[in-house]
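Structural overview for review
For reference, the chains in residue letters:
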Amino acid sequence: MYIYSGKAGWARNFCSSMMDGEIIIKDKDYRGSRGKKEKYVVCGGKLVESIEQDHNRKIHTVFGEFRKTYQKAKLEKEEYYQSDWRIKWKGLFFRQVNQDHILERYASGGSMSREIVYWKNKKLMYNLGKGNKNIKIFNKDGSLLAKISLSKRLSLYSDKYGLHVDFREVRKLTAMFRGNWYYELYDARGTVRSWLKGKNSIPEEGVRNRHKLYFLRGIQVPKKVISGKYDASYILSYPNSTIRSEMLKSYGIERVVRELHGETIEKKGEYELLQFPIPQGVEPDRIMKVLQMQCPSTQVWYTLRVSPECKNIHEAINWTYGLDLRDIRKTGQTVDILAAT
Amino acid sequence: MKAYRQGELLFVLQTIKDVQGLKKALAEGKKTTVVAEGEATGHKHELADPATGILVDIEDAFVWIDNENPKFNNFQKILHTEKGTTIKHPDHQDLYLPGGTYYIRAQREYDEEMARQVRD
């Protein structure tokens, strides 16, 4: 085995080979106080064991078997491996003690098969097996918190950071899953007080503390957004741009123009460019610009919402034809309409 | 850029150098006689006489003409007519298009959400 000292600095590097023995490295910081300490055990030319001590943290590795992490002499994390650093073929391969829970992961046939999470008081939080579509989550006192039903099983990842089912997200009614899913939360008497239903990480409907929740494109909205009982000024003052766009589509730009009139930026022949303030908008969407035009053959006026960066009718028309505003301004590119009906 | 317009549809006249590319696009695109269908009314913009032009939908075809893909510029269909063709629609007057090749797209409308995604 070859040992290199990477951090030793100029003229202090060394390279040595050894078959059996121990290497101890003691680190000092620039002030001379004690730093990291490392011990390596070499047997038959192979590294078999290491102990790394860095202040309160100690990592003990037996290569091909385990790695254990201690914090202030308390065992915090256990990882069990095969010789090639793959997770242990069968049984417990990961255990981590966290602030309020203990996470255990088990393998079968070399892949993760189960995740069990306990509260610090040893009560079960959940027991999730590979292929499970129905999951029960329990409170710290052992009472049932939630039941989750999934159409697609949860994928289990051996190296996932954190839990596969986020207890806090479930409790806040913000957890989402793949496929069709539904979960309900229980109160202390065991009755359902809240539930949420959705598809592919998008909530569709639910109840929180017996009050109905409404969603549009997965975003929670007030009831009036779904029932359509709003006016143009409500739409333009709505803070979320996704919902504002959805409401504008279903309400119709024409109705907004009729109701709010707006401010004319330019009027020329059969075209008029208008602008409306959006109080909750974020630059450049603090104003909505609308191009009104009259169809030459039907004489009907129709409206198109245009980019808020259009400064005049010329830019707005060419923008609707698909041209880039930079090209219109810099190269003078325009669409020359030879005939229109 | 020279174009003809019927309602919200834009027929952009093209000068094609890559004749083989055009032939391939016309052969591989999905043949149709309907240029576009009205979302609310169901009224169609369509070829008055399908024998006068070849109209193809390039949505699912790999089209490469004159070193560019018309889909990248939001064109949805290609129309080629040798001697000219007419587009009819119940609400609009007939639009006569002289012989040539046209890329077709609809007038676009600003969508705050889409623009935000592009900006992000």
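Residues numbered from 1 in each chain as written. Chains lettered and ligands numbered in written order. Predicted model: local features only at pLDDT ≥ 70, side-chain atom pairs only at ≥ 80, totals over all residues.

Description of the overall build of chain A
For clarity, the cut-off: For the purposes of this entry, the term helix denotes a DSSP run of H or I that reaches at least four residues, the term strand denotes a run of E that reaches at least two, and both are numbered from the N terminus. Partly exposed residues are those whose C-beta has more than 12 but fewer than 20 other C-beta atoms within 10 Å; with 20 or more the residue is buried, with 12 or fewer it is exposed, and the C-beta atoms are placed from the backbone. Note on contacts: each residue gets a C-beta atom placed from the backbone, and two residues are in contact if those atoms are within 7 Å.
The helix and strand inventory of chain A stands at 7 helices and 24 strands. Counting the 341 residues in chain A, one finds 20% classified as buried. Within chain A, residue pairs in contact and separated by at least 24 positions form 26% of the contacts whose partners lie at least 6 positions apart.

Digging into the overall build of chain B
Scanning chain B from N- to C-terminus turns up 2 helices and 10 strands. Of the regular secondary structure in chain B, the N- to C-terminal order runs β-β-α-β-β-β-β-β-β-β-β-α. The contacts of chain B with a sequence gap of at least 6 include a subset with a gap of at least 24, amounting to 65%.

Remarks on helix 5 (residues 253-260) of chain A
All names here are of chain A. For clarity, the cut-off: This arc is taken over the directions from the axis of the helix to the C-beta atoms.
Taken as a whole, helix 5 has its buried residues at I253, V256 and V257. End-on view of helix 5: buried residues confined to an arc of 100 degrees, all on one side of the axis. Looking at the buried positions of helix 5, the neighbouring elements they touch are helix 3 (232-237), helix 4 (241-251), strand 21 (271-277), strand 22 (287-294) and strand 23 (301-306). A positive phi of about 65 degrees marks H261, the residue just after helix 5.

With respect to the interface of chain A and chain B
Accessible area lost on assembly of the parts is the figure often given for the size of an interface. Filter applied, for reference: Ten residue types, Ala, Val, Leu, Ile, Met, Phe, Trp, Tyr, Cys and Pro, are classed as nonpolar, four, Asp, Glu, Lys and Arg, as charged, and the remainder, Gly among them, as polar. By this definition, two strands are paired if DSSP reports at least two bridges between them.
With 23 residues of chain A at the contact, the number on the chain B side is 24 residues. Every element with two or more residues in the side of chain A that touches chain B is listed here: helix 4, strand 23 and strand 24 (336-340) of chain A. At 5 residues, strand 24 of chain A tops the list of elements feeding residues into the side of chain A that touches chain B. A class-by-class count of the residues in the side of chain A that touches chain B yields 9 nonpolar, 10 polar and 4 charged. Here strand 24 of chain A runs beside strand 1 (residues 2-6) of chain B; their pairing, made up of 4 bridges, is parallel. Across the sheet, A340 of chain A pairs through a bridge with R5 of chain B, a residue of strand 1 of chain B.

A look at the nonpolar core
Rule in force here: Buried Ala, Val, Leu, Ile, Met, Phe, Trp, Tyr and Cys residues form a nonpolar core when they are connected through C-beta atoms within 7 Å.
In this structure, A316 of chain A together with F11 and I104 of chain B are the most contacted members of the largest nonpolar core, which totals 51 residues. Among the nonpolar cores identified, the runner-up in size contains 24 residues, and A146, I148, F167 and F177 of chain A belong to it.

Quick word on unusual backbone geometry
Unlike most non-glycine residues, N209 of chain A shows phi in positive territory, near 45 degrees. The topology assignment puts N209 of chain A in the loop between strand 17 (202-208) and strand 18 (211-216). Given 9 C-beta atoms within a 10 Å radius, N209 of chain A is considered exposed. Of note, the phi angle at D66 of chain B is positive, near 50 degrees, even though the residue is not glycine.

Details of the sheet that holds strand 21 of chain A
Through backbone hydrogen bonds, the strands of a sheet pair up, either in parallel or in antiparallel fashion. Residue and element names in this part refer to chain A. We apply this condition: The axes used here are C-alpha line fits, helices contributing only the stretch in contact, and every angle between their N-to-C directions lies in the interval 0 to 180 degrees.
Across the sheet, which stays open at both edges, the 4 strands sit in the order 20-21-22-23 with antiparallel pairing between neighbours. Of all strands in the sheet, those bounded by a partner on one side alone are strand 20 (263-268) and strand 23. Neighbour-to-neighbour, the strand axes of the sheet open up by a mean angle of 20 degrees, direction not taken into account. Note: strand 20 against strand 21, 5 bridges, orientation antiparallel. Within the sheet, the bridge partner assigned to E263 lies in strand 21 and is Q275. Packed on one face of the sheet, helix 5 meets strand 21, strand 22 and strand 23 and runs near 95 degrees to strand 23.

With respect to the environment of P70 of chain B
Residues and elements named next belong to chain B. Tracing the chain through its elements places P70 in the loop between strand 6 (54-57) and strand 7 (77-81). Residues P70 and R105, spaced 35 residues apart in sequence, show a C-alpha to C-alpha distance of 9.9 Å. The contact partners of P70, leaving out residues within four places of it in the chain, are I58, V63, I65, F75, I78 and Y103.

Here we look at the sheet that holds strand 19 (residues 219-221) of chain A
Residues and elements named next belong to chain A. The strand order across the open sheet built from 7 strands is 13-14-15-16-17-18-19, with neighbouring strands paired in antiparallel fashion. With partners counted over all chains shown, the strands left at the sheet margins are strand 13 (134-138) and strand 19, one partner each. Across the sheet, the axes of successive neighbouring strands diverge by a mean angle of 20 degrees, strand direction being ignored. Where strand 16 (residues 192-199) and strand 17 come together, 5 bridges link them in antiparallel fashion.

What about the confidence of the model for chain B?
Selection criterion: Confidence of the prediction at every residue is given by pLDDT, a number between 0 and 100.
Mean pLDDT for chain B: 88, with 92% of residues reaching 70 or above. Element-level pLDDT for chain B is lowest in helix 2 (residues 112-119) of chain B, with a mean of 60, against a maximum mean of 96 in strand 9 (residues 95-97) of chain B.

A closer look at the pairing of strand 16 of chain A
On any regular strand, side chains alternate: one points to one face of the sheet, the next to the other face. All names here are of chain A. Sheet analysis places strand 15 (residues 180-186) next to strand 16, joined by 7 bridges and oriented antiparallel. Bridge pairing links L185 to S194 in strand 16. The loop that links strand 15 with its antiparallel partner strand 16 comprises 5 residues; one of these, G190, has a positive phi angle of about 85 degrees. Taking the residues between adjacent antiparallel strands as the criterion, strand 16 and strand 17 are bridged by 2 residues, where N200 takes a positive phi near 45 degrees.

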